[in-house]
Amino acid sequence: MAQQSRKTLGDLGLDMFDPEAIANPHHFYARLREEAPIIWSEQNKAWVLSRYEDVRRVLRNPEQFSSRLLGSEESELIGRTDIVLETVAPTGTLSMVSADRPDHTRLRKLVSMDFTPNKLERMRPRIQSITDELLRGVSGREQFDIAHELAEPLPVTVIAELLGIPSELGAQFKRWSDAATAPVPPDATDEMVLARNAQIIEFRTYLQAQIKDRHANLTDDFIGRLVAAHDEEDKLTDDEVLAGVELLLIGGNETTTNLISNAVLALARFPDRQAELREHPELIDAAIEEFLRYDGSIQFTLREVTQPTEFYGQIVEAGENVVILLASANRDAGVFKDPDTLDFHRPKAKHLGFGDWIHICLGQFLARIETRAALLGVLQEYPQFELAIPEEEIIYRSNFNFRGPSYLPIRLSA
Ligand code: HEM
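For every chain, the first residue of the written sequence is number 1, and numbering continues from 1 onward in sequence order. Given that this is a predicted model, residues contribute local features only at a pLDDT of at least 70 and side-chain atom pairs are listed and counted only at 80 or more, while totals for whole chains, interfaces and linings are drawn from all residues. Excluding hydrogens and water, the side-chain figures rest on all heavy atoms present in the structure.

1. Looking at the nonpolar core
Within soluble globular proteins, side chains that are nonpolar tend to cluster in buried spots.
Step number 1: Ranked by internal contacts, the top residues of the largest apolar core, which has 103 residues, are Leu32, Phe144, Phe173, Phe291 and Phe385.
Step number 2: Contacts are residue-level and defined by heavy atoms, with any inter-residue pair within 4.5 Å sufficient. With sequence-adjacent residues up to four places away left out, Phe291 is seen in contact with Leu259, Ala263, Ala266, Leu267, Gly296, Leu342, Phe344 and Leu375.
Step number 3: Definition of nonpolar core: a set of buried residues of the types Ala, Val, Leu, Ile, Met, Phe, Trp, Tyr and Cys, connected through side-chain atoms within 4.5 Å. Exposure classes here rest on a 1.4 Å probe applied to the protein chains alone. A residue is buried below 20% of its type maximum, exposed above 50%, and partly exposed in between. In terms of nonpolar packing, the next biggest core, distinct from the first, is built from 20 residues, Ile38, Leu49, Val316 and Phe402 among them.

Here it is as structure tokens:
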């Protein structure tokens, strides 16, 4: 196979690190689906797939497409700034997102006990009161920044409580969490990388002490239950407990933050949809699914091919990697009619915003509860809102994969 003849993203003039592509990747995806449904990305050292049927095929065949890449050192190279759920787990330790069967089944089963819809339902009142408190802080103000004042603090507070991190450590926990989730820009200096790593090491040391503590003194929180699962059945090592906790922290934070911000941005852009949702709050659940489809907060994930596989005549060899563009699949006109329209009345077709199959997002029910509370709260607090800055001034996080605005002021419309 002639390596030189590979068509690349660069040939199409597409650059995943370009701020414009980050701010609006959808015409970029449309071109890929149309012109190059499989294409090589030199930046990612991987094949890129953009059509719904191909993305779903990869997700649904975990034996043929392994997740181990997500936990390997190689994943640091593949998009240093844009790795999905970039793991900070100690080298060699599996977390479920990077595990294949049978390890995946064991790890997911043990971690999933706190994430069933029933268990999470009990957290709804607490999530509501955290949301109410955040909104009280901005009440009566003419404008407020959705990103910093609501979408960021809500998930981080919820996850800290779920893990059993004391509230007085809130600010410190936020710094650790920022360090663990923030992308490392391609031009980061060594000092920046070292400062980030120092925070991660500090967090890990704190968690290790917590885990040790739980062995002596079991508590009824998430860490306590994971430690107990280890003690009774010898199923999780301390490193696996640590990797599981870190994965939740990373998976559960910026993703939900960005979904809330992207949804508010869409409602500011489309006042008719905003009015519709205000008049018909019973549409909120359908609206959240549509926000996940229309402008979800994870653009892609990665897999390693385990056996030669063909896409459109192109053989992808065992050991090569594929980037699967979830956000592009969600705009595929073959599956979603008028895919670029925000529509809360779509017939049920499965979006891939939470992935699919064995690795489907463990935190999806939690993310939905948080997003629901946040959106209904904003709609109530601001009887009609609009962007408080021109569109061009919205600043996106410098991360192609975890896409969302880092500053999003809204204000009451005239
Ligand atoms: C809007 C918010 C969220 C989005 C868009 C999102 C998206 C995703 C996606 C696409 C995957 C699949 C990755 C893959 O197959 O490679 C995933 C997996 C995962 N997510 Fe989420 N997520 C969100 C919120 C959360 C929350 C709140 C938590 C936990 C508190 C969480 C925890 C996880 C975990 C543990 C996995 C790994 C599951 C497995 O490998 O079996 N996520 N998420």
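2. Comments concerning the coordination of the iron atom of the ligand
Step number 1: In this listing, donors mean N, O and S atoms no farther than 2.8 Å from the metal, or 3.2 Å for Na, K and Ca; water is missing from the atoms, so a site can look incomplete. For the iron atom of the ligand, the protein contributes exactly one donor atom, Cys361 (SG), at 2.3 Å.
Step number 2: Its place among the elements puts Cys361 in the loop between α17 (326-329) and α18 (364-381). Helix and strand assignments follow DSSP, with helices taken as H or I runs no shorter than four residues and strands as E runs no shorter than two, numbered in order from the N terminus.

3. Examining the site of the ligand
Step number 1: Looking at the ligand, there are 30 residues lining it, with His104, Arg108, Thr301, His359 and Cys361 nearest.
Step number 2: Pairs of N or O atoms are called polar contacts if they sit within 3.5 Å, as long as, within protein, a hydrogen donor faces a hydrogen acceptor (for residues adjacent in sequence, only side-chain-to-side-chain pairs). Here Met96 contributes a backbone N or O atom positioned 3.5 Å from an oxygen atom of the ligand.
Step number 3: Side-chain polar atom of His104 to an oxygen atom of the ligand: 2.6 Å apart, as the coordinates give it.
Step number 4: Those elements that place two or more of their residues in the shell around the ligand are α5 (103-111), α13 (238-251), α14 (254-269), β5 (300-305) and α18.
Step number 5: Any residue that is not Ala, Val, Leu, Ile, Met, Phe, Trp, Tyr, Cys, Pro, Asp, Glu, Lys or Arg is counted as polar, Gly included; the first ten are nonpolar and the last four charged. A class-by-class count of the residues in the shell around the ligand yields 17 nonpolar, eleven polar and two charged. Neighbouring residues are identified by heavy atoms, a residue being near a molecule or strand if any of them is within 4 Å of it.

4. A word on the packing of α14 against α18
Step number 1: Axis angles are defined between N-to-C directions and span 0 to 180 degrees, where every axis is a line fitted to C-alpha atoms and, for a helix, only to the segment in contact. At their nearest, the axes of α14 and α18 sit 10 Å apart, and the two run at 40° to each other. As α14 packs across α18, the resulting crossing turns out to be right-handed. Across the interface between the two elements, Thr256, Leu259, Ile260, Ala263 and Val264 from α14 touch Ala367, Glu370, Thr371, Ala374 and Leu375 from α18.
Step number 2: Considered class by class, the residues forming the contact of α14 with α18 number seven nonpolar, two polar and one charged. Left-handed is the label given to a crossing in which the near helix is rotated counterclockwise from the far helix by less than a right angle, and right-handed is the label when the rotation is clockwise.

5. Some thoughts on unusual backbone geometry
Step number 1: For the bond from Arg101 to Pro102, the omega torsion is 0°, close enough to zero to count as cis.
Step number 2: Look at Lys45: it is not a glycine, yet its phi comes out positive at around 50°.
Step number 3: Tracing the backbone through its elements, the reader meets Lys45 in the loop between β1 (38-41) and β2 (46-49).

6. Points about the packing of helix α10 (residues 170-181) against helix α11 (residues 190-216)
Step number 1: Interhelical geometry of α10 versus α11 gives an angle of 125° and a closest axis separation of 8 Å. Considering their axes alone, α10 and α11 lie oblique with respect to each other. In this structure, the crossing between α10 and α11 has a hand that is left-handed. Taken together, the residues of α11 that come into contact with α10 (itself represented by Gln172, Phe173, Arg175, Trp176, Ala179 and Ala180) are Arg196, Gln199, Ile200, Glu202, Phe203 and Tyr206.
Step number 2: Its residues assigned to classes, the contact of α10 with α11 shows seven nonpolar, two polar and three charged. Angle categories: roughly parallel below 35 degrees, roughly antiparallel above 145, roughly perpendicular from 65 to 115, and oblique for all the rest.

7. A short note on the pairing of strand β12 (residues 409-412)
Step number 1: When DSSP finds at least two bridges between two strands, those strands are taken to pair. Sheet topology note: the strand β4 (residues 143-145)/β12 ladder contains three bridges and is antiparallel. Residue pairing across strands places Phe144 opposite Ile410, the latter belonging to β12.
Step number 2: In this structure, strand β9 (residues 385-387) lies alongside β12, joined through three bridges in antiparallel fashion. Looking at β12, one finds that Phe385 is bridged to Leu412.

8. Regarding the side chain of Arg33
Step number 1: Among the secondary structure elements, Arg33 is positioned in helix α2 (residues 26-35).
Step number 2: No salt bridge is formed by the buried Arg33; the nearest opposite charge belongs to Asp332, separated by 5.0 Å.
Step number 3: Within the structure, Arg33 has its side chain in polar contact with the backbone oxygen of Ser328 (distance 3.1 Å).
Step number 4: Excluding residues within four positions of it along the chain, Arg33 makes contact with Ser50, Arg51, Ser328, Arg331 and Asp332. Lys and Arg are tallied as positive, Asp and Glu as negative. Neither His nor the chain termini are counted. Each reported salt bridge corresponds to a side-chain nitrogen of Lys or Arg within 4 Å of a carboxyl oxygen of Asp or Glu.

9. Brief notes about the sheet that holds β4
Step number 1: Ordered in space as β4-β12-β9, the three strands form an open sheet in which the pairing is antiparallel. The open sheet has two edge strands with one neighbour each: β4 and β9. On average, each strand axis in the sheet is inclined to that of its neighbour by 30°, with strand direction left out of account.

10. Examining the packing of aromatic side chains
Step number 1: Pairing of aromatic rings covers Phe, Tyr and the six-membered ring of Trp, with a centre-to-centre limit of 6.5 Å; geometry is then stacked below 30 degrees between planes, edge-to-face above 60, and tilted otherwise. Summed over all chains, the structure comprises 14 aromatic pairs.
Step number 2: A ring pair is formed by Phe65 and Phe311, whose centres lie 6.2 Å apart and whose planes are at 50°; its orientation type is tilted. On the criterion of sequence distance, the pair formed by Phe65 in strand β3 (residues 65-66) and Phe311 in strand β6 (residues 309-311) is long-range, its members being 246 residues apart.
Step number 3: Overall, the relative accessible area of 1% leaves Phe311 in the buried class.
Step number 4: Aromatic pair Trp176 and Phe203: ring centres 5.3 Å apart, planes at 35°, arrangement tilted. On the criterion of sequence distance, the pair formed by Trp176 in helix α10 and Phe203 in helix α11 is long-range, its members being 27 residues apart.
Step number 5: Connected via pairs of aromatic rings, a cluster forms that spans Phe28, Tyr29, Phe300 and Phe400.

11. So, the layout of surface pockets
Step number 1: Only protein atoms enter the 1 Å grid used here, on which a cavity is any set of points holding a 1.4 Å probe that cannot leave and a pocket is any open set flanked by protein within 12 Å on both sides along at least five of seven lines; residues with an atom within 4 Å of a point are listed as lining. Grid points are joined across faces, edges and corners, and a volume is the space filled by probe spheres set on the points. Looking at the second largest pocket, its volume works out to about 440 Å³.
Step number 2: In terms of lining residues, the second largest pocket is bounded by 20 residues, among which Ala286, Glu289, Lys348, Ala349 and His351 are the most central.
Step number 3: No other element matches the five residues that helix α16 (residues 284-295) contributes to the lining of the second largest pocket.
Step number 4: In the lining of the second largest pocket, the residues fall into seven nonpolar, four polar and nine charged.

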